[in-house]
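# Descriptive structure summary
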Amino acid sequence: MRTDQLSNEEIIDHFRQDANKLFRYLPWLKTKSGQSTYDTYKDQGIAQNSIAFPVYDSTLLAFVKEASATCFMDRNHVYVYSRNRLKNHRDELHLIQTATIRDMDQLAGILSHYIMGGRTKALLWSEGVTNGVYLALLSKIKEIFDFWERDRLAGR
């Protein structure tokens, strides 16, 4: 959804409910950030006779499923990457760190890249945790919402 024509309050109202669903994963993301969240199935010598396949952390899969059903999913997320010249996770983290409430589309695009892109390249799901992108993204969204909620409560 394009948010460039919405007011700040409308942006918060649009994303708030879905963001709250994802915020409950913040403690887990803090503990797992920088770690691998998958393992390769190797039981009974399968690697010798078949293709090895990854087995993902159940919390990661729950996060992916929940994120997939949010308003953050944007099929046009590739345009966020081309428009902002994002090439790697350092570029993504820089964009996340400098984001404001007016950049919620950009943040949604990054989340969409990992969640939707993971459907065809499943390693992306784990990379989002390992690189700290999910943690930085959700922390930034929470920071933005908290700031605007305090501002709203102060009556400004």
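Our subject in this report is the structure included herewith. In this text, all values refer to a predicted model and were calculated from it rather than measured experimentally. (Residues numbered from 1 in each chain as written. Predicted model: local features only at pLDDT ≥ 70, side-chain atom pairs only at ≥ 80, totals over all residues. Heavy atoms only, no water.)

Now for the nonpolar core. Counting residues in hydrophobic clusters, the biggest one holds 46 residues, and the most contacted among them are Phe72, Met104, Ile110, Leu111, Tyr134, Ile141 and Phe145. Taken together, the elements giving at least two residues each to this core come down to helix 1 (8-23), helix 2 (26-32), helix 4 (58-68), helix 5 (77-83), helix 6 (89-98), helix 7 (104-117), helix 8 (123-130) and helix 9 (133-153). Among the elements that make up this core, the one with the highest residue count is helix 9 (nine residues). Setting aside residues no more than four positions away along its own chain, Leu111 makes contact with Leu22, Phe63, Phe72, Met73, Tyr134 and Leu137. (Core = buried A, V, L, I, M, F, W, Y, C linked by side-chain atoms within 4.5 Å. Buried < 20%, exposed > 50% of the residue type's maximum accessible area, 1.4 Å probe, protein only. Helix = DSSP H or I, 4+ residues; strand = E, 2+ residues; numbered from the N terminus. Contact = heavy atoms within 4.5 Å.)

This part takes up unusual backbone geometry. The phi dihedral of Arg85 falls on the positive side, at around 55°, and the residue is not glycine. Along the chain, Arg85 turns up in the loop between helix 5 and helix 6.

All right, on to the pattern of salt bridges then. For the coordinates displayed, the defined rule picks out five salt bridges. The partner of Arg16 in a salt bridge is Glu149, and the shortest N-O contact between them spans 3.5 Å. Placement of Arg16 in helix 1 and of Glu149 in helix 9 is noted, with a sequence separation of 133 residues between them. Measuring nitrogen to oxygen at the nearest pair gives 2.5 Å for the salt bridge that ties Arg24 to Glu66. Taken together, the residues Arg24 in the loop between helix 1 and helix 2 and Glu66 in helix 4 connect sequence positions 42 residues apart. Exposure remark for Arg24: the relative accessible area of 55% places this residue in the exposed category. (Salt bridge = Lys/Arg side-chain N within 4 Å of Asp/Glu carboxyl O.)

What follows is about the packing of helix 6 against helix 7. Here helix 6 crosses helix 7 at 150°, and the two axes come no closer than 10 Å. The angle between helix 6 and helix 7 falls in the class roughly antiparallel. Considering only the axes of helix 6 and helix 7, their crossing is left-handed. Between helix 6 and helix 7, the contacting residues are His89, Glu92, Leu95 and Ile96 on the first element and Gln106, Leu107, Ile110, His113 and Tyr114 on the second. When its residues are assigned to classes, the contact of helix 6 with helix 7 shows five nonpolar, three polar and one charged. (Axes fitted to C-alpha atoms, helices over the stretch in contact; angles between N-to-C directions. Parallel < 35°, antiparallel > 145°, perpendicular 65-115°, else oblique. Left-handed = near helix turned anticlockwise from the far one by under 90°. Nonpolar A, V, L, I, M, F, W, Y, C, P; charged D, E, K, R; others polar.)

On to the side chain of Ser112. Among the structural elements, Ser112 can be located in helix 7. With a relative accessible area of 0%, Ser112 lands in the buried category. Look past the residues within four positions of Ser112 in its chain and what remains in contact with it is Phe72, Met73, Asp74, His77 and Gly117.

Another point: the packing of aromatic side chains. All chains considered together, the criterion is met by seven aromatic pairs. Considering the side-chain rings of Phe147 and Trp148, the 5.5 Å spacing of their centres and the 90° angle between planes classify their relative orientation as edge-to-face. Put simply, the rings of Tyr25, Phe63, Tyr114 and Tyr134 pair up and form one aromatic cluster. The residue whose ring lies beneath Lys142 is Phe23, and the NZ or CZ to ring-centre distance is 5.5 Å. (Phe/Tyr/Trp six-rings, centres within 6.5 Å; stacked < 30°, edge-to-face > 60°. Lys NZ or Arg CZ within 6 Å of the ring centre and 35° of its normal.)

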